[in-house]
Structures are given as structure tokens and as C-alpha cells.
Amino acid sequence: MKRIIIFALVSCFFISTISGQEKKYLSLQNVIEIAGEQSLDAFRNENMYLSSYWEYRYFKADRLPSLSLQATPLDYNRSMQKVYNYDENRDEYKPREDLSSELSLYLNQNVGLTGGQIFARSELNLSQKLGADKISSWSSTPFSVGYMQPLNGYNGLKWTAKIEPVKFEKAKKNFIQSKEELAIKASRLFFDLVDAQIEVKITETNLANADTLFKIGQGRYQVGTVTQDELLNLELSFMNANLALTQSNLGLERALAELNSFLGFDKNTKVECIVPDELPELQIPATEAVELALTNNPEMLDQQQRLIEEDRKVNQAKSENGVTGDLYALYGLNQNATDFNQVYQDPLDRQRFRVGVDIPILDWGRRKGQLAMAESNREVVRISVNQEKMDFEQNVIMNVMEFNLQANQVLNTAKADTIAQLGYDVTQQRFLIGKVDVTKLNLARNDQEQARRAYIRALRTYWNYYFTIRRLTLFDFEKGITLSEDFDEIVNNF
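The model shown is predicted, which means the values in this text are computed figures rather than measured ones.

Rules of the game
Residues numbered from 1 in each chain as written. Predicted model: local features only at pLDDT ≥ 70, side-chain atom pairs only at ≥ 80, totals over all residues. Heavy atoms only, no water. Helix = DSSP H or I, 4+ residues; strand = E, 2+ residues; numbered from the N terminus. Rg over C-alpha atoms; globule rule 2.2 N^0.38 Å. Buried < 20%, exposed > 50% of the residue type's maximum accessible area, 1.4 Å probe, protein only. Contact = heavy atoms within 4.5 Å. Areas by Shrake-Rupley, 256 points an atom, 1.4 Å probe, with all protein chains shown as cover. Lys, Arg positive; Asp, Glu negative; His and termini not counted. Charge placed at Lys NZ, Arg CZ, Asp CG, Glu CD. Phe/Tyr/Trp six-rings, centres within 6.5 Å; stacked < 30°, edge-to-face > 60°. Arc of directions from axis to C-beta. Axes fitted to C-alpha atoms, helices over the stretch in contact; angles between N-to-C directions. Parallel < 35°, antiparallel > 145°, perpendicular 65-115°, else oblique. Nonpolar A, V, L, I, M, F, W, Y, C, P; charged D, E, K, R; others polar. Expected span 1.5 Å × (residues − 1). Salt bridge = Lys/Arg side-chain N within 4 Å of Asp/Glu carboxyl O. Pairing = 2+ DSSP bridges. Left-handed = near helix turned anticlockwise from the far one by under 90°. Patch = residues over 30% accessible without salt bridge, like charges linked within 9 Å, V, L, I, M, F, W, Y side chains within 5 Å.

K.L.:
Give a description of the overall build of the protein that names residues and reports values.
P.N.:
Tallying secondary structure elements over the protein gives 10 helices and 10 strands in all. The C-alpha atoms of the protein give 40 Å as radius of gyration, which overshoots the globular expectation for 494 residues (23 Å, by more than 25%). Projected onto its principal axes, the C-alpha positions of the protein cover 140 × 55 × 45 Å. Going through the 494 residues of the protein one by one, you find that 38% of them count as buried. Considering only contacts in the protein between residues 6 or more positions apart, those separated by 24 or more positions represent 77%. Summed over its atoms, the accessible surface of the protein is roughly 29,400 Å², and 53% of this surface lies on carbon and sulfur atoms. Between the mean site of the 56 positive side-chain charges and the mean site of the 67 negative ones, the protein shows a separation of 3 Å.

Below, the structure is given as C-alpha cells:
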């Protein structure tokens, strides 16, 4: 009796809680669409793409001319300065008070072909000595142009131009793939709730049947057609059904809370799942799926990027293994004057040319070791990439084969579910007229429950394979089109 009272209280609690909830009837496709629009995962995936977009924009901008203004409007310095007194042949500290200003306009252009840099400048400087002797000095560089070039043969701009477009294309495909990963997660939470709801229905039916059978058993026990041990078995089944319903209700609340949190719903929203009863009529050729995966999957771009980066490291190590140096050339005009009105008059030529070299003589094999290590790492990455590619192809083939077989599995479990339900109904009717005992009735009920659970598991597995293949190939086999996204709209909505 205590257990019955506890069950009644718990049931009243669930009924009162559910009665105040907003109810939504959602199919699997509804859940996936809502998750793509308002889930936290969708928001995070979108911002990860935007981060890659702005990184690519930075790369593009770095290859365009840049113009900057640098200014120091006021630099005041008052201090004690050490000076040499020639008359007395000794150092002395005297007060110093200076005021200076600087203004420069700087234009810069990277040269992708050579890895060098062209620049142009215009500068104006003022240096003024304050105190007893007020002396002003102006210096101007109306125009100067120069070029800087490393001489070691390594062109970082060229390698960046190879890597960054691959990274950005990979980011696009990663974003599309993340939507399919979102669908996989949505499918898992959807079927978790379906499992929980079916479990509640099963336990509710079991409780009603157990209650009916227990009451019938009590009546038959009175007339001697049911033994005491059979009656006790019926009572135990009734009590176990009570406990099972309580547990299944708790599981339902847990699954509902997880789905509501994932979809961004209010915690009081009650979702009723509409189980998909129609499957796409698909048989996917494994060879076609592998070709599409090798073309569309971002993992292929990741492997390509890794190989390019290893080639870059080898090239950089080779450039540092021999003679290194740099070239600096400058031509411009400049002038000095004590009056601002004269600082731009009759400017003089300003020229500078510098070549610096670094020749290794004795480094105990350090540079040679760096090159050997870079080449060895590149070979390791190449072998790893080849192995990963083979494993990837095998994974696609296995998923496609299992998907093609899973449709029949769903049909078979659906038929088994129907047969088990009919079998239980027949066995129950035969029990009511005394043709079978409690043991056979319990076996029929267990078969019915297991068949229903097996059908839902088969559905869950089918849709998991379906979205996994879409994730691997980034291809919609129902419509026959490659999955894509309006990336411009994502950026415009930012």
C-alpha cells in the first residue's frame, strides 16, 4: 500500500507539472530546422566561420597598399645632461630643456612575387632647444621611396598565398559540415525523447494491464482457478509496473529537459515527438560516395594544407642553410632649416644603399640538422596523410554499406513490432478466458516491448547513418545536389 500511495503522489506531481506546460508537436525535420536557427551550437558554428572570414580578409588586405599617419605632436624633455668642459678638461652636468615634434606619412606595399616591400615616406621634424639659448631646427623629407628585400630565397608572402585560400575554403566546408553534425546531435536528442515517451506509454499500458490482471486473478483465486503463487506473481507484476512507470516518467523529464535546452526552448515546454514513418528511397553507390567525399569533405583540404605547410617549413630551412642577407635601397629628398618657411626650399638628394650578408662558418651542424628535421617531419606527414586518406575512404564505404542495409532492418523491425503487438493481444485474450497461464502472458508482453524498442533503435540508426553520410560527402543524395550555404548572408547579418 505504501508503494501505491507513493506512486499516486508522484503521478499527481507529473500530471500537475505537465498540465502547465506549452505543448509542441515536432517531427525530426522540425527539430533539425529549429536547432539550425536558434541553438547555441548553431551560434557557435556561425561565429567560428566569421572568425575564419575575417582572418582571410586580413590576408587579402595585407597584400594591398597601406597608408598610415604617424605623429608625435609634443615631446618635452627637461633633465640634467652630462657635457664635457674643454676649458677645464672634465665632465659636468648641466640642465637641458628640449621640445620636439614629428609627423610622417607612410605608404607601404608588399611584393608577393619577390617577398620584398616597396615603401614611400614624407616626414617633417622639429627640434627646439628651450631655456636661455632658444634654437629651433626643422628637418623635412618631402619625398622618399625605397625597397627592402631578403636575399635568402624564402618568400613568406608566396607561401601565405598558397595556404590562406585553402584554409578559408576549408572553413566554408567546415561550416556546412557543422550543420550536418548539428543534425546528428538533433537526431540523437530527438530519439532519446522518443525512447523516453515510448517507454512511458509501455509502462502505462503495462500498469493498466497488470492492474486488470491482478483484479481478475483475485476473483479467480476466490473460486480456486488460480493458485496462490500465481496470484502473488500477478501482484508482483503490478507493483513492478508501478515502479517502472515512475522511473520512465523521470527519464522522460530528463530527455525533455535536454532537448529543450538544446533547442533554446523554455524549460516548461512539452515536446511531443512525431516519429518518422517514411524513409527516403535511397541506395547510395559506394564509389560515388567516396568520390564526393574526396571532393567535398574539409578533411581533404586539411590534409592539403598540412602538406603545403610542411613544404613551407622545408623551404624556410633550406633558405637558412646557406648564405642569408638583405637588401635595402632608398632615394629621396631632404632639407634642414632654422625657419619653417625654408625647410621645403631647394631640397637635397638623399640616397642610401645597403646589402647585408650572413655567412655560416661554424655552427656545428645546427642549420643542417634543422633542414634534415624539416624534411623528416614532412615525410612523416605525407605518410600520415596517405594513411588517413585510406582510412577515410574505408569509413565512407562502411557507412554507405551499413546505410543501404539499414532500410531493410527498419522494415523488418516494423513488421516484428506489428506481429508482437498482435501476438500479445491474442495471448491476453486467451489469458482472460483461462487458456494460458501468467508465464506465457508475461513472455508475450516482453516480446512486444522488445519489438517496439528494436523498431525505434533501427529508426535511430538509420537516420544517424543518413546524416553521417551527408556529413562525410556534403551531398544531398535525395535531391542530387551538393550542400551549400549563402556565406554572404552570414557576413551581412553579422
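From this point, the discussion proceeds with the structure in view.
K.L.:
Could you give an account of the packing of aromatic side chains, with specific residues and numbers?
P.N.:
Applying the stated criterion to the full structure yields 23 aromatic pairs. Ring centres of Tyr53 and Trp54 lie 5.0 Å apart, and the angle between their planes is 75°; on these two criteria the pair is classed as edge-to-face. Residue classification places Tyr53 among the buried residues on the basis of a relative accessible area of 15%.

K.L.:
I'd like a description of helix H6 (residues 286-296), backed by residues and values.
P.N.:
Residues of H6 that are buried: Ala289, Val290, Leu292, Ala293 and Asn296. Looking straight down H6, one finds its buried side chains confined to an arc of 165°; they lie on one side. For H6, the exposed residues lying more than 90 degrees away from the buried face are Thr287, Glu291 and Thr295.

K.L.:
Can you break down the packing of helix H2 (residues 28-38) against helix H5 (residues 228-263) residue by residue, with the values?
P.N.:
Interhelical geometry of H2 versus H5 gives an angle of 45° and a closest axis separation of 8 Å. In terms of their interaxial angle, H2 and H5 are classed as oblique. Contacts between H2 and H5 involve Val31, Ile34, Ala35 and Gln38 from the first element and Leu259, Phe262 and Leu263 from the second. Within the contact of H2 with H5, the residues separate by chemical class into six nonpolar, one polar and no charged.

K.L.:
Lay out the environment of Ala255 in plain terms, naming residues and giving numbers.
P.N.:
Relative to the elements of secondary structure, Ala255 occurs in helix H5. For Ala255, a relative accessible area of 9% gives the class buried. Considering only alpha carbons, one finds Ala255 and Leu103, 152 residues apart in sequence, at a separation of 66 Å. Apart from residues no more than four positions distant in its own chain, Ala255 is found in contact with Asp192, Leu193 and Ala196.

K.L.:
Outline helix H3 (residues 40-62), supporting the account with residue identities and numerical values.
P.N.:
Taking 1.5 Å as the rise per residue, H3 with 23 residues should run 33 Å; its terminal C-alpha atoms sit 33 Å apart, in good agreement. Among all positions of H3, only Asp41, Ala42, Asn45, Tyr49, Leu50, Tyr53, Tyr56 and Phe59 are buried. Taken together, the buried residues of H3 touch H2, helix H4 (156-223), H5 and helix H10 (487-492).

K.L.:
Describe the pattern of salt bridges, naming the residues involved and giving the relevant values.
P.N.:
A complete count under the given rule lists 23 salt bridges for this structure. A salt bridge links Arg306 to Glu388; the nearest nitrogen and oxygen atoms lie 2.9 Å apart. Within this pair, whereas Arg306 is found in helix H7 (residues 298-319), its partner Glu388 is found in helix H8 (residues 366-432), the two being separated by 82 residues in sequence. A network of salt bridges, in which partner residues are shared, links Lys170, Asp302, Arg306 and Glu388.

K.L.:
I'd love a proper account of the pairing of strand S2 (residues 66-85), names of residues and values included.
P.N.:
One ladder, built from 18 bridges, connects S2 with strand S3 (residues 90-111); its direction is antiparallel. Across the sheet, the residue bridging to Asn77 is Asp98, located in S3.

K.L.:
Describe the packing of H4 against H7, naming the residues involved and giving the relevant values.
P.N.:
The N-to-C vectors of H4 and H7 enclose an angle of 160°; their axes lie 9 Å apart at closest approach. Judged by the angle between their axes, H4 and H7 are roughly antiparallel. Between H4 and H7 lies a crossing of left-handed hand. Contact residues: H4 offers Trp159, Lys162, Ile163, Val166, Lys167, Glu169, Lys170, Lys173, Asn174 and Gln177, while H7 offers Pro298, Leu301, Asp302, Gln304, Gln305, Ile308, Glu309, Asp311, Arg312 and Asn315. Per-class residue counts for the contact of H4 with H7 are six nonpolar, five polar and nine charged.

K.L.:
Report on the environment of Ile481, specifying residues and quantitative values.
P.N.:
Looking at the element boundaries, Ile481 is found in strand S10 (residues 481-482). Classification of Ile481 as partly exposed rests on a relative accessible area of 44%.

K.L.:
Help me get a handle on a nonpolar patch on the surface, residues and values and all.
P.N.:
A contiguous nonpolar surface patch, about 480 Å² in accessible area, is contributed by Leu67, Leu69, Leu103, Leu105 and Leu107. For the nonpolar patch, the secondary structure elements donating two or more residues are S2 and S3. Per element, the largest residue contribution to the nonpolar patch is three residues, and it comes from S3. Tracing the backbone shows Leu67 in strand S2.

K.L.:
How would you explain unusual backbone geometry if you had to name every residue and give the values?
P.N.:
In the Ramachandran plot, Asp346 falls in the positive-phi region, its phi being about 50° despite a non-glycine side chain. For Asp346, a relative accessible area of 64% gives the class exposed. With a phi angle near 50°, Leu474 is a residue other than glycine that sits in the positive phi range. Secondary-structure assignment places Leu474 in the loop between helix H9 (438-473) and strand S9 (475-476). Since its relative accessible area comes to 1%, Leu474 is described here as buried.

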